[in-house]
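Survey of secondary and tertiary structure
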Amino acid sequence: MTKDNILKLLEENKDIALSGEEIGASLNISRNSVWKAINKLKEEGFLIESIKNKGYMLKSESQALSLNEIKDNIKNEIISKNIILHKELSSTNSTLKDMAKDSLEDFTVVIADSQTQGRGRLGRNFYSPKSSGIYLSLYLKYPSLKYDVSMLTICAAVALKEAVEKDVDGKLGIKWVNDLYLNNKKIAGILTECEMELETRSFKHAIVGIGLNVLTESFPDDLKDIASSIYLEEKKKINRNILISKLLDSLYLNLELLHKDSNKIVEKYNKTLLFMDEVVKVRSFNREFLAKVLRINEKGNLIVLEDNKELTISSGEIVLRERR
Ligand code: BTN
């Protein structure tokens, strides 16, 4: 497509002006077609400057999502093969679930610039405004039975933390089970959904959905006290395309490690688990109690100490502040 080819050229020459003539000649199209495509790209949110007598320049601070840029920065070819980018979806997890009704390749990724009904754990919503976050889902065909399926969320949390850590100076850690925290506020969450084949008791697929607040400048009142973004905490605007590439590479590597030796993932997770050795409020199956956080086990369950007794928590959460 003309528009995509022009975008690729501009992306390869960020902060350099390319004349309409130059672009037209290299793609064998008229200057008028170039002009039309550039206007469309601007409408889509790409920060392109039109400079008199010089041409068009894509600014490096452009924040629009771009499939070219995502793919160009992915190191592992397998993960860059099947990536689908949408402007808006109700939920990337739901879209992948629909797509999975037909045959779908392992490691298919769906990304959206915004979600109208982003879903979180425990039936909650995930706030997903446009041009500010990373909302993506990864499809895994027949996930291995060598480890407990909850380990997929644990593994994704480790991958997410490793993808983000070089870009932030603040205190980064994982709140059991699926939340990434920066300076005591949630910046990301993970929702893993599986479909089981009843006859064989094996999983047909798993969909790992990740939502990360990157450039979000404000949150609705009910989230203000608990949620934040990399931008709000670090005062810098990170390129979402490059961060998506890092995240996908990191997911691939950590899933490979999970397959080879799931204990290594447990070890990594325990190193970054927040509130270790601290007494926190735990909510599990409608019971709330105070307990000391000890570690997670090989199934991704949280092990806590309540009244000198070790308890294994398979479902629930650590409650820091109540939602308004
Ligand atoms: C949580 O915080 O409880 C989990 C949030 C998971 C949000 C992501 S955004 C991409 C994917 N699509 C969804 O609808 N949810 C996940």
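These remarks concern the structure in this document. (Residues numbered from 1 in each chain as written. Predicted model: local features only at pLDDT ≥ 70, side-chain atom pairs only at ≥ 80, totals over all residues. Heavy atoms only, no water.)

**Observations concerning the packing of helix H7 (residues 151-164) against helix H10 (residues 262-272)**
Orientation of H7 relative to H10, taken along the N-to-C sense of each, is 55°, at an axis distance of 10 Å. In terms of orientation, H7 lies oblique with respect to H10. Where H7 crosses over H10, the handedness of that crossing is left-handed. Of the residues in H10, those in contact with Met151, Ile154, Cys155, Ala157, Val158, Lys161 and Glu162 of H7 are Ser262, Ile265, Val266, Lys268, Tyr269 and Thr272. Per-class residue counts for the contact of H7 with H10 are eight nonpolar, two polar and three charged. (Axes fitted to C-alpha atoms, helices over the stretch in contact; angles between N-to-C directions. Helix = DSSP H or I, 4+ residues; strand = E, 2+ residues; numbered from the N terminus. Parallel < 35°, antiparallel > 145°, perpendicular 65-115°, else oblique. Left-handed = near helix turned anticlockwise from the far one by under 90°. Contact = heavy atoms within 4.5 Å. Nonpolar A, V, L, I, M, F, W, Y, C, P; charged D, E, K, R; others polar.)

**Remarks on the site of the ligand**
Neighbouring the ligand are 20 residues, the closest being Ser91, Thr92, Arg119, Arg121 and Lys186. Contact between the ligand and Gln115: a nitrogen atom at 3.0 Å from a side-chain N or O atom of the residue. The backbone of Arg119 places a nitrogen or oxygen atom 2.7 Å from a nitrogen atom of the ligand. Contact with the protein chains hides 97% of the accessible area of the ligand, taken as 410 Å² for the molecule alone. For the shell around the ligand, the secondary-structure elements that each account for two or more residues are helix H6 (92-99), strand S5 (133-141), strand S8 (185-197) and strand S9 (202-213). Element by element, the count of residues in the shell around the ligand is highest for S8, at four residues. Counted by class, the shell around the ligand contains five nonpolar, eleven polar and four charged residues. (Near = heavy atom within 4 Å. Polar contact = N/O pair within 3.5 Å; in protein donor to acceptor, adjacent residues only side chain to side chain. Areas by Shrake-Rupley, 256 points an atom, 1.4 Å probe, with all protein chains shown as cover.)

**Structural notes on the environment of Tyr56**
Of note, Tyr56 is situated in strand S2 (residues 55-58). Here Tyr56 falls in the buried class, since its relative accessible area comes to 12%. Separated by 33 residues in the primary sequence, Tyr56 and Ile23 place their C-alpha atoms 9.3 Å from one another. Setting aside chain neighbours within four positions, we find Tyr56 in contact with Leu10, Ile16, Ala17, Leu18, Gly20, Ile23, Val34, Trp35, Ile38, Ile48, Glu49 and Ser50. (Buried < 20%, exposed > 50% of the residue type's maximum accessible area, 1.4 Å probe, protein only.)

**Some details on the sheet that holds S5**
As a general point, the strands of a sheet are linked pairwise by backbone hydrogen bonds and lie either parallel or antiparallel. Pairing within the open sheet is mixed, and its seven strands lie in the order S3-S4-S5-S9-S8-S7-S6. The open sheet terminates on both sides in strands that have one partner only, identified here as strand S3 (83-89) and strand S6 (172-175). Sheet twist, expressed as the average angle between the axes of neighbouring strands with direction ignored, equals 20°. Two elements, S5 and S9, share nine bridges in a ladder whose sense is antiparallel. Bridging across to S9, Ile134 finds its partner in Leu212. Across the sheet, H6 lies against S3, strand S4 (108-115), S5, S8 and S9, angled at about 140° from S4, the strand it touches most. (Pairing = 2+ DSSP bridges.)

**What to know about the pairing of S6**
Working note: regular strand, side chains alternate between the two faces of the sheet. Side chains Leu172 and Ile174 of S6 all project onto a buried face; the interleaved residues Gly173 and Lys175 project onto the opposite face, where all are buried too. The pairing of S6 with strand S7 (residues 179-182) spans four bridges and is antiparallel. Bridging across to S7, Lys175 finds its partner in Asp179. In this structure, the hairpin formed by S6 and S7 is closed by a connection of three residues.

**Comments concerning the sheet that holds strand S10 (residues 279-284)**
One open sheet holds the five strands; their spatial order is S13-S12-S11-S10-S14, and the pairing between them is antiparallel. Each edge of the open sheet carries a strand with a single partner, namely strand S13 (309-313) and strand S14 (317-319). Looking at each pair of strands side by side, their axes are set apart by 55° on average, direction ignored. Sheet topology note: the strand S11 (residues 287-296)/strand S12 (residues 302-306) ladder contains four bridges and is antiparallel. Across the sheet, residue Ile296 finds its bridge partner in S12, namely Leu302.

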